[in-house]
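# A structural walkthrough
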Amino acid sequence: MAIVNRIAGFAEDMAAWRQHLHTIPELGRECHKTAAFVVEKLREFGITDIHEGFATTGVVAIIEGQGPGPTIGLRADMDGLPIVEATGLNYASTHDGRMHACGHDGHTTMLLGAAKYLAETRNFSGRVALIFQPDEEATGGAEAMVEAGIMDTFDIAQVYGVHNAPDFPVGQFMTTPGPLMAAADSVHITIQGQGGHGANPHDAIDPVVAACSIGQAIQTISSRNMDAFKQLVISLTQIHTGSVENVIPDTAYMNCTVRTFDPEIRDMAERRLREIAEGQAASFGCTVDFVYHRGYPPTVNTEVGVALATDVARNVVGADAVLDNVEPVMGSEDFSYMLEARPGAYLFLGQGKSASLHHPEYNFNDEVAPVGASFFARLVETAQPVAG
C-alpha cells in the first residue's frame, strides 16, 4: 500500500485517538465530548477556522491551501449506538448502554489524521472543509447540517465520505456510480378493533386476525406489484398485541421497514401498503391508523465523483484492491443528504475479519485508519492540485 509516509508516522497517535473516542460513545446529536475532542485536536494541528454547533454538536473546520480554488468537503460521522458493549477491551465504553458498534470512532480518526497531514503540508489549492457530523444513526444529522447551510456557507463544491466494511480485506475500497445504498422508510400500522372474551369472538372485532392477514398480504407487494428485476425490500419487523390468552384485545400494532432505490417504486410501496392495511382491516370490521415515514433517501454517487475517488484509492492501495462497480446494498446512510446537495461519492473500506456492524463485539481495526486518512489526503491533493 502507498500509505502517505507522514501519516504512517503518526499511526500510533491515531490509534490512541480512536481508542479514546471508543471509550466515550455518545448518541444522536449529543456528541459533546466527541466534538470537544475533535476541536482540541484540530487546534493542536494549527487549524483555527473552526465552526461549531451544526446539528447541535457538528463541527466544520476549514484548511486553506496554496492559492485560489474550490472547496472540497470530507465527512466523518461521530455518534455511537445504544448497545451494551461486549468486547472486553481495556478501552471499552465507559458510557453504560452505549458503544461505538459501527466504527464512527474510526471514521472520525481517519478524518483527524487527514486533517493533521493537510494542515502541515497544504499541498493543494483552494480549501478543504472537514465535516464532523453527529447523529448518523438516529434522525439524520447530515440533513440538519445541509439545512443549516454548510454547503453554501463554506462554498463546498463536492463532498466525499468513507465507511468501514467488516469481513472484507483490509484496505479494499468498494463503491459504484449511481445508487450505492437504499432509501430507508418506516411504516406504523395501528389496527383498531373491539376487545372481548376469547371464548366469545363473535361478540368482538378481532384486530389480531386482521394483523395476521395484513402481514401475509404485505408479502405480495414485491412478488406481484413490481417488476421482478427491480429492487424492493419490505420487512415486517414488529407485531404487538394482546396481554393474556383469554382476552381479545382492542388494538394491534405493526411495524415495517421499506428499502428502495427508485422513487417510483418507493411511491408504489407506500400506496400498496396503505391499500392493503386499510382493505384487509376493513374486511374484518377493523379500522387502521396508517403512518408512512420517509427516512433517509438513497445514497447516489456521481460518476465523476466515483472516477476521482477510485483513481485516488488505486494510488493508495493498488488497483487490485479497488472495486468500482459493486452491487448496491439495502442498508441506508444519511450521507445521502450531502450527495443530494453536492456531487461526490461514498465508499466502503475493508477492515478485515471482525464482528458485524451494530454487534456488541464489534471493534474498528486501527490498521485501517492510516489507509482512510491517506485516501482523504490524496483525494484533496488530486482534486485540487497546486498550480505550477
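Here the residue numbers are simple positions, counted from 1 along each chain's written sequence. Since the coordinates come from a predicted model, pLDDT governs what is reported: local features require at least 70, and pairs of side-chain atoms require 80 or more to be given and counted, while whole-chain, interface and lining totals use all residues. Hydrogens and water are ignored here; the side-chain numbers use all heavy atoms of the structure.

### Regarding the overall build of the protein
- A helix here means a DSSP run of H or I that spans at least four residues, while a strand means a run of E at least two residues long, and both kinds are numbered starting from the N terminus. A tally of regular secondary structure across the protein gives 12 helices and 16 strands.
- Seen through its principal axes, the protein has C-alpha atoms that stretch 85 × 45 × 40 Å.
- Burial classes: relative accessible area under 20% of the type maximum marks a residue as buried, over 50% as exposed, and values in between as partly exposed (1.4 Å probe, protein chains only). Each of the 388 residues in the protein was classed as buried or not, and the buried ones make up 54%.
- Partitioning the contacts of the protein with sequence separation of at least 6, the portion at a separation of at least 24 is 82%.
- Here the Shrake-Rupley method, with its probe set to 1.4 Å, supplies the accessible areas, and only the displayed protein chains count as covering residues. Accessible area for the protein stands at about 15,900 Å²; split by element, carbon and sulfur atoms hold 50% of it.
- Note that His is not counted, nor are the chain ends; the positive residues are Lys and Arg, and the negative ones are Asp and Glu. Taken as the charge centre is NZ of Lys, CZ of Arg, CG of Asp or CD of Glu, depending on the residue. One way to put it: in the protein the 23 positive side-chain charges average out to a point 4 Å from where the 48 negative ones average out. What makes two residues a contact is simply this: any of their non-hydrogen atoms within 4.5 Å.

### Things to note about the sheet that holds strand β13 (residues 287–294)
- Two strands form a pair only when DSSP identifies at least two bridges running between them. Strands sit in the order β10-β12-β8-β13 across an open sheet of 4 strands; the sheet is antiparallel. Each edge of the sheet is formed by a strand with only one pairing partner; in this case those strands are β10 (232–241) and β13. Each neighbouring strand pair of the sheet contributes to a mean axis angle of 15 degrees, computed without reference to strand direction.
- Relative to β13, strand β8 (residues 183–192) runs antiparallel, the two sharing 8 bridges. In the sheet register, Val187 faces β13, and the bridge partner there is Tyr292.
- The angle between two axes is taken between their N-to-C directions and runs from 0 to 180 degrees, where each axis is a line fitted to C-alpha atoms and a helix contributes only its stretch in contact. Each of β8, β10 and β12 (251–260) touches helix α7 (residues 207–218); the most contacted strand, β12, lies at about 15 degrees to it.

### A word on the pairing of strand β2 (residues 58–64)
- For β2, the buried fraction is high: 6 of the 7 residues fall into the buried class.
- When strand β1 (residues 49–54) meets β2, the two strands line up antiparallel, connected through 5 bridges. What sits directly across from Glu52, in β2, is Val59.
- Inspection of the sheet shows β2 paired to strand β4 (residues 127–133) by 6 bridges, in the antiparallel sense. Its bridge partner being in β4, Glu64 is matched across the sheet by Arg127.

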